[in-house]
Amino acid sequence: MTMKVQRPPAEQLYADELAALAASDKGPRPPGWQLSMPAVRRFILGEGAARPKIVCAPSLIERAMVGLASSRALLLVGEPGTAKSLLSELLAAAICGQSTLTVQGSAATTEDQIRYGWNYALLLNEGPSQRALVPSPLMRAMREGRIARFEEITRCPPEVQDALLSILSERLLAVPELGEAVFAAPGFNLIATANTRDRGVNEMSAALKRRFSFETVFPIADLDQELALVQAEVARLLAQDGVPRSPAPELLEVLVTTFRELRTGLDAEGQAGERLTSVVSTAEAVAVAHAVALRGHYLRGDSGQAGDIVELLAGAAAKDNADDLKKIRRYIEQRASKRKGEAWKAFHAARHLLPE
């Protein structure tokens, strides 16, 4: 019996696409790669049987691939919710067929989680041995010639970050307890992510920065592209949940437009407004749209209403600053009231659902 999971990794979710691309791929492949660079690009951006999985400039994908084929690791930086983690997962899945060799950075991340640890029961009984060694995801990636991922690297203390220096420069990981070293197999590299809002939390050392190629992932610039992405992701999530209907297209347009204008402070005509201090990313828009559909389906038997957006928007956007709630209220009262369409009218009429 196949076990169902809430979110399978990309290499399982898109296994058919990856197999088809590998079967037809005739291009040269960097050492250790399972696909050529054009095939990886097709997988991520969509072409033929491969559907688009992310919205970004093709040049970003190309620069990222070239960097990973070289001796430099890749660092994806950008605002929260700009799909940095998704891009790193897709790159790892396409390049090496495994995206789960991941270290999650935080203030509690230790050097052992980057290098290796020990099974202490075996260590006490036998002393240091290969059997007692517990490899980190990074060590496994080095041995197997795969891509490792390091999420939120700047959340880690500097001394933990610097455990990467010898790994990225010399491509080896010493295990002095065994008098051995693990040498990176062809195909090994590292993709890290960092949020621009975390700059200054734990700044990377200059030595570590030199070992990375930096690429910035920007929010989606085009409304139609962002709307199409939100529609596709919500439909996928609802199909996984067994919910038959997505929110109405005009309702999703209200949601995505509201998120964009609160994020940028500009409307479609270029007129300036207020920006929220909280993150109102595309990922947040997908989460709110998904919640709108679930609320409508399970509580009322419909596909979601404008009032759901108002209530859920308050919880999603007004996290860090109480003034953001006032900005949302002013946006709905001043801008939404001028928009045409029944969905916008219903959105404006539901403004009383915002908490005081």
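In what follows, the structure referred to is the one given above.
Only a predicted model underlies this, so the values are computations on that prediction, with no experimental measurement involved.

Thoughts on the overall build of the chain
Counting its regular elements, the chain contains 17 helices and nine strands. When the backbone C-alpha atoms are referred to their principal axes, the chain occupies close to 70 × 45 × 40 Å. Partitioning the intrachain contacts of the chain with sequence separation of at least 6 by distance along the chain shows that 72% fall at a separation of at least 24. When the accessible surface of the chain is summed, it comes to about 17,000 Å², and 54% of that surface belongs to carbon and sulfur atoms. Here the chain holds 42 positive side-chain charges and 43 negative ones, and the gap between their average locations is 2 Å.

A few points about the pattern of salt bridges
For the structure shown, the criterion picks out 23 salt bridges. A salt bridge links E215 to R63; the nearest nitrogen and oxygen atoms lie 2.9 Å apart. Taken together, the positions of E215 in strand β9 (residues 212-216) and R63 in helix α4 (residues 58-69) put the pair 152 residues apart, joining distant regions of the chain. Where R140 meets E144, a salt bridge forms, and the shortest distance between an N and an O atom there is 3.5 Å. With R140 and E144 both in helix α8 (residues 137-144) and four residues apart, this pair spans about one turn of that helix. Looking at R140, the relative accessible area reads 32%, which means it is partly exposed. Look at the salt bridges and you will find they share partners, linking R295, R300, D302, D308 and E311 into a network.

Structural notes on the packing of α4 against helix α5 (residues 84-96)
Taken N-terminus to C-terminus, the directions of α4 and α5 make an angle of 55°; their axes are 12 Å apart at the nearest point. Between α4 and α5, the angle is such that the two are oblique. The handedness of the crossing between α4 and α5 is right-handed. Of the residues in α5, those touching α4 at L60, I61, A64, M65 and L68 are L87, L91 and I95.

Some words on unusual backbone geometry
Phi is positive for E152, close to 55°, though the residue is something other than glycine. Following the sequence through the fold, E152 ends up in the loop between β5 (147-151) and α9 (158-161). In the Ramachandran plot, R171 falls in the positive-phi region, its phi being about 60° despite a non-glycine side chain. Tracing the backbone through its elements, the reader meets R171 in the loop between α10 (165-170) and β6 (172-175).

A closer look at the packing of aromatic side chains
Given two aromatic rings, their pairing is described by the distance between the two centres and the angle made by the two planes. Scanning the entire structure with this criterion turns up three aromatic pairs. Here the aromatic rings of Y14 and F43 are separated by 5.8 Å at their centres, their planes lie at 80°, and the arrangement is edge-to-face. With Y14 in the loop between α1 (10-13) and α2 (15-24) and F43 in helix α3 (residues 37-45), this pair connects stretches of sequence that are 29 residues apart. Using a relative accessible area of 11% as the deciding quantity, one classes Y14 as buried.

Structural notes on the packing of α3 against α4
The geometry of α3 relative to α4 is characterised by a closest axis approach of 10 Å and an angle of 135° between their N-to-C directions. With respect to each other, α3 and α4 are oriented oblique. Considering only the axes of α3 and α4, their crossing is right-handed. Contacts between α3 and α4 involve M37, V40, R41, I44 and L45 from the former and P58, I61, E62, M65, V66 and A69 from the latter.

Thresholds, definitions, all that
Residues numbered from 1 in each chain as written. Predicted model: local features only at pLDDT ≥ 70, side-chain atom pairs only at ≥ 80, totals over all residues. Heavy atoms only, no water. Helix = DSSP H or I, 4+ residues; strand = E, 2+ residues; numbered from the N terminus. Contact = heavy atoms within 4.5 Å. Areas by Shrake-Rupley, 256 points an atom, 1.4 Å probe, with all protein chains shown as cover. Lys, Arg positive; Asp, Glu negative; His and termini not counted. Charge placed at Lys NZ, Arg CZ, Asp CG, Glu CD. Salt bridge = Lys/Arg side-chain N within 4 Å of Asp/Glu carboxyl O. Buried < 20%, exposed > 50% of the residue type's maximum accessible area, 1.4 Å probe, protein only. Axes fitted to C-alpha atoms, helices over the stretch in contact; angles between N-to-C directions. Parallel < 35°, antiparallel > 145°, perpendicular 65-115°, else oblique. Left-handed = near helix turned anticlockwise from the far one by under 90°. Phe/Tyr/Trp six-rings, centres within 6.5 Å; stacked < 30°, edge-to-face > 60°.

Such coordinate-based values are descriptive only and should not be taken to indicate function.
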